[in-house]
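# Structural overview
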Amino acid sequence: MSDYTVNGDTQHVKRVHKAEFFVYFALIFSLALPLHVLGWSFQTIRHAKLPRLSPLARAWKDARAVTPMIFRG
């Protein structure tokens with residue numbers, strides 16, 4: 001059986017306010033969107049077909065991946 005009292009609160013994660021999280025999310029999303037629009041249009045022209053993900057979906061995916069990384073640590 002494992003003894004969970006040895007390290008105390010070292011594994012406790014401090015929660016961040018949702019408003020702060022959404023501010024960072026919106027900022028990252030708004031910065032990623034123009035870049036993904038340019039990349040999406042370049043790919044569309046280069047390959048003569050639409051990419052699987054839209055620029056909006058790509059920017060949303062990046063913002064969802066990057067924002068939690070800011071609050072870790």
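Attention in this report is confined to the structure presented alongside it. Note that the structure is predicted; figures quoted are calculated from it, not measured.

The subject of this paragraph is a nonpolar patch on the surface. A surface patch of nonpolar side chains, about 230 Å² in accessible area, is lined by Y24, V66 and I70. Tracing the sequence through the fold places V66 in helix α2 (residues 55-71).

Here we come to the nonpolar core. Listed in full, the six residues of the largest apolar core are F25, I28, F29, A32, A59 and A63. Contributing elements (two or more residues each) for this core: α1 (18-47) and α2. In terms of residue count, the dominant contributor to this core is α1 (four residues). In this structure, F29 is in contact with L56, A59, W60 and A63, ignoring residues within four places of it in sequence.

Rules and cut-offs
- Residues numbered from 1 in each chain as written.
- Predicted model: local features only at pLDDT ≥ 70, side-chain atom pairs only at ≥ 80, totals over all residues.
- Heavy atoms only, no water.
- Patch = residues over 30% accessible without salt bridge, like charges linked within 9 Å, V, L, I, M, F, W, Y side chains within 5 Å.
- Areas by Shrake-Rupley, 256 points an atom, 1.4 Å probe, with all protein chains shown as cover.
- Salt bridge = Lys/Arg side-chain N within 4 Å of Asp/Glu carboxyl O.
- Helix = DSSP H or I, 4+ residues; strand = E, 2+ residues; numbered from the N terminus.
- Core = buried A, V, L, I, M, F, W, Y, C linked by side-chain atoms within 4.5 Å.
- Buried < 20%, exposed > 50% of the residue type's maximum accessible area, 1.4 Å probe, protein only.
- Contact = heavy atoms within 4.5 Å.

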